[in-house]
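Observations on the three-dimensional arrangement
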Amino acid sequence: MKIFKKKRLFIYIAFIVFTVIVLGFVIFSKLGKNILIGKWESEDKSRIYQFDENTLTLTFADSMESKLYGYILKDNNKLILQIGENKTVYDIVIHGEKIGIYSENSDSPEILQRVYE
């Protein structure tokens, strides 16, 4: 009977170790993911931001004019936009379902909320 109890204890320990490894892998893969990919809308609904892997399409709602930027996201808290040779660095702060994009040149941040379609 003791053999069965030892096997059962081994199975429980193996299950816990396996579960911790799987959860660690899932959490680690989510932390490295680009949080910006998708469609975002400014708080005043005048601009729509469409983030892909390395491009940002900014569409103005009133004129439907679009601009294309290249971007790099560093550590999910720095956004570097590039158009031509000009680079601009922004700080990103996450507020639940909203993201604040702060610039050194501006006092007020651009608040974006995710658009679900």
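Residues numbered from 1 in each chain as written. Predicted model: local features only at pLDDT ≥ 70, side-chain atom pairs only at ≥ 80, totals over all residues. Heavy atoms only, no water.

Evaluated as defined, the whole model comprises 5 salt bridges. Notably, a salt bridge pairs Arg-47 with Asp-44, separated by 3.8 Å at the nearest N-O pair. Residue Arg-47 is classed as buried on the basis of its relative accessible area of 18%. Each member of the salt-bridge network shares a partner with another, and the members are Asp-44, Arg-47 and Glu-110. (Salt bridge = Lys/Arg side-chain N within 4 Å of Asp/Glu carboxyl O. Buried < 20%, exposed > 50% of the residue type's maximum accessible area, 1.4 Å probe, protein only.)

Bridging between strand β2 (residues 47–51) and strand β3 (residues 55–60) involves 5 bridges; their strand directions are antiparallel. Pairing of Gln-50 across the sheet is with Thr-57, part of β3. From the end of β2 to the start of β3, which pair antiparallel, there are 3 residues. Inspection of the sheet shows β3 paired to strand β4 (residues 66–74) by 5 bridges, in the antiparallel sense. Each bridged residue has a counterpart across the sheet, and for Leu-58 the counterpart in β4 is Lys-67. (Pairing = 2+ DSSP bridges. Helix = DSSP H or I, 4+ residues; strand = E, 2+ residues; numbered from the N terminus.)

Before going further, it helps to examine the packing of aromatic side chains. By the definition in use, this model includes 2 aromatic pairs. Ring geometry for Tyr-49 against Phe-51: centres 6.5 Å apart, planes inclined by 10 degrees, an arrangement best described as stacked. You'll find Tyr-49 and Phe-51 in the same group, each marked buried. Geometrically, the ring pair formed by Phe-51 and Tyr-71 is edge-to-face, given 5.2 Å between the ring centres and 85 degrees between the ring planes. With a gap of 20 residues between them, Phe-51 in strand β2 and Tyr-71 in strand β4 connect regions that are remote in the sequence. Note on accessibility: Phe-51 and Tyr-71 belong to one class, buried. Members of the aromatic cluster, joined through ring pairs, are Tyr-49, Phe-51 and Tyr-71. (Phe/Tyr/Trp six-rings, centres within 6.5 Å; stacked < 30°, edge-to-face > 60°.)

This brings us to unusual backbone geometry. Phi is positive for Lys-45, close to 60 degrees, though the residue is something other than glycine. Following the sequence through the fold, Lys-45 ends up in the loop between β1 (38–42) and β2. Exposure remark for Lys-45: the relative accessible area of 46% places this residue in the partly exposed category. Even without glycine at this site, Met-64 takes up a positive phi of about 55 degrees. With respect to the helices and strands, Met-64 occurs in the loop between β3 and β4.

We now examine the layout of surface pockets. Here the largest pocket defines a volume of roughly 260 Å³. Taken together, the elements giving at least two residues each to the lining of the largest pocket come down to β2, β3, β5 (78–83) and β7 (98–103). Class assignment for the residues of the lining of the largest pocket results in 11 nonpolar, 3 polar and 2 charged. (1 Å grid on protein atoms, 1.4 Å probe; cavity = no way out; pocket = protein on both sides within 12 Å on 5 of 7 lines; lining within 4 Å. Points joined across faces, edges and corners; volume = space filled by probe spheres on them. Nonpolar A, V, L, I, M, F, W, Y, C, P; charged D, E, K, R; others polar.)

It is worth spelling out a nonpolar patch on the surface at this point. Among the surface-exposed residues, Leu-9, Ile-13, Val-17 and Ile-21 lie close enough to one another that they form a single nonpolar patch of about 380 Å² accessible area. Relative to the helices and strands, Val-17 resides in helix α1 (residues 2–31). (Patch = residues over 30% accessible without salt bridge, like charges linked within 9 Å, V, L, I, M, F, W, Y side chains within 5 Å. Areas by Shrake-Rupley, 256 points an atom, 1.4 Å probe, with all protein chains shown as cover.)

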